[in-house]
Amino acid sequence: MRSDKVKIAVFVSGGGTNLQALIDAQRAGRLPSGEIALVVSSNPRAYAIDRAVDAGIPAVTVCRKEVGEQFEGELIRVLEKHGIEMIVLAGFMSILSADFISRYPQRIINIHPSLIPSFCGKGMYGLHVHEAALAYGVKVSGATVHYVNEIPDGGKIILQKAVRVRQDDTPESLQKRIMKQAEWNILPRATQLVAKKLLKERKGEQSL
Ligand code: GRF
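Values in this document were obtained by computation on a predicted structure and should not be read as measured data.

**Things to note about the site of the ligand**
If you check the shell around the ligand, you find Gly15, Gly16, Thr17, Asn18, Gly91, Ile111, Pro113, Met179 and Glu183 and nothing else. One of the backbone N or O atoms of Asn18 is found 2.9 Å from an oxygen atom in the ligand. A distance of 3.1 Å separates a nitrogen atom of the ligand from a polar atom in the backbone of Ile111. When the ligand is considered free in solution it has 370 Å² of accessible area, and contact with the protein chains removes 84% of it. Of all the secondary structure elements, the ones that give two or more residues to the shell around the ligand are helix 1 (17-27) and helix 7 (171-206). In terms of residue class, the shell around the ligand is built from three nonpolar, five polar and one charged.

**Concerning the packing of helix 1 against helix 2 (residues 47-54)**
In contact at an axis separation of 9 Å, helix 1 and helix 2 are set at 15° when each is read in the N-to-C sense. Put simply, helix 1 runs roughly parallel to helix 2. Taken as a pair, helix 1 and helix 2 cross one another with a handedness that is right-handed. Across the interface between the two elements, Thr17, Leu19, Gln20, Ile23 and Arg27 from helix 1 touch Ala48, Arg51, Ala52 and Asp54 from helix 2.

**Digging into the side chain of Gln192**
The residue Gln192 is located in helix 7 in this model. Overall, the relative accessible area of 13% leaves Gln192 in the buried class. Setting aside residues up to four positions removed in sequence, Gln192 forms contacts with Arg30, Leu31, Pro32, Ser33 and Gly34.

**Notes on the sheet that holds strand 2 (residues 34-41)**
The strand order 3-2-1-4-5-6-7 describes an open sheet built from seven strands, whose pairing is mixed. Of all the strands in the sheet, just strand 3 (59-61) and strand 7 (157-164) have a single pairing partner and so form its edges. Averaged over neighbouring strand pairs, the angle between their axes works out to 20° when direction is ignored. For strand 5 (residues 108-112) and strand 6 (residues 140-147), the ladder comprises four bridges, and the chain directions are antiparallel. Along strand 6, the bridge assignment pairs His112 with Thr144. Running at roughly 165° to strand 7, helix 7 makes contact with strand 1 (6-12), strand 2, strand 4 (86-89), strand 5, strand 6 and strand 7 of the sheet.

**Quick look at the pattern of salt bridges**
Using the criterion set out here, one finds four salt bridges in the structure. A salt bridge links Asp169 to Arg177; the shortest N-O distance between them is 2.6 Å. A residue is classified by how much of its surface remains accessible, and Asp169, at 11% relative accessible area, is buried.

**Description of the packing of aromatic side chains**
Throughout the structure, instances matching the rule amount to three aromatic pairs. Geometrically, the ring pair formed by Phe100 and Tyr104 is tilted, given 5.7 Å between the ring centres and 35° between the ring planes. Since its relative accessible area comes to 0%, Phe100 is described here as buried. With centroids separated by 6.1 Å and ring planes inclined at 65°, the aromatic side chains of Phe119 and Tyr136 adopt a geometry described as edge-to-face.

**What about the environment of Asp54?**
For Asp54, the position within the fold is in helix 2. The sequence separation of Asp54 and Asp168 amounts to 114 residues, and the corresponding C-alpha distance is 37 Å.

**Some thoughts on helix 1**
Looking only at helix 1, the buried set comprises Asn18, Leu19, Ala21, Leu22, Ile23 and Ala25. Tucked into the core, helix 1 has its buried residues touching strand 1, strand 2, helix 2, strand 4, strand 5 and helix 7. Downstream of helix 1 by one or two residues, Gly29 has phi in the positive range, about 80°.

Definitions and limits used
- Residues numbered from 1 in each chain as written.
- Predicted model: local features only at pLDDT ≥ 70, side-chain atom pairs only at ≥ 80, totals over all residues.
- Heavy atoms only, no water.
- Near = heavy atom within 4 Å.
- Polar contact = N/O pair within 3.5 Å; in protein donor to acceptor, adjacent residues only side chain to side chain.
- Areas by Shrake-Rupley, 256 points an atom, 1.4 Å probe, with all protein chains shown as cover.
- Helix = DSSP H or I, 4+ residues; strand = E, 2+ residues; numbered from the N terminus.
- Nonpolar A, V, L, I, M, F, W, Y, C, P; charged D, E, K, R; others polar.
- Axes fitted to C-alpha atoms, helices over the stretch in contact; angles between N-to-C directions.
- Parallel < 35°, antiparallel > 145°, perpendicular 65-115°, else oblique.
- Left-handed = near helix turned anticlockwise from the far one by under 90°.
- Contact = heavy atoms within 4.5 Å.
- Buried < 20%, exposed > 50% of the residue type's maximum accessible area, 1.4 Å probe, protein only.
- Pairing = 2+ DSSP bridges.
- Salt bridge = Lys/Arg side-chain N within 4 Å of Asp/Glu carboxyl O.
- Phe/Tyr/Trp six-rings, centres within 6.5 Å; stacked < 30°, edge-to-face > 60°.

Shown next, in the form of structure tokens:
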């Protein structure tokens, strides 16, 4: 028997504050359609792994350096083993191939720390995004949750939230404020929206 919640894997590589926001949302009952069933880290030293362990969520490391060409094969093996139906990229620093992405159509989402289509695409990750926003002089930035397709940061937008840029902002202060005011808010909300949609689709299939 399948669970009545969509099984979600969260892919991480670093600190995992977005993973924490998802765990907190689940605990608070704000993720009723989904269950964080697995955390996958591309980095064996990611603090995100400790957060998963503390929350009692199975965590595995799949490191490209260690497994080389087997990287995506290994990811698929782990995802299938845990019956994963949806993937949330939350600070995952490894690029996934079009072939991998096509296995999970409309089932992979990503959080990006700007208002797409600004400051996104190749090379736009981490502090680079905020450096570029400040260098351009925008007065408003923010975060976007979008579906993942074969174009980097190019999939359909699910949710966005704007954050005011301050005159004295540094890339670091802007990054922190965007995380706090936008990312940790819209990622759990978007995850719930997509999980709800997938549950509905699943029910539709069952009644055919
Ligand atoms: C976040 O800024 C997210 O938008 C970006 O990577 C960062 C991950 O931070 N994709 P954390 O690991 O969730 O703390």
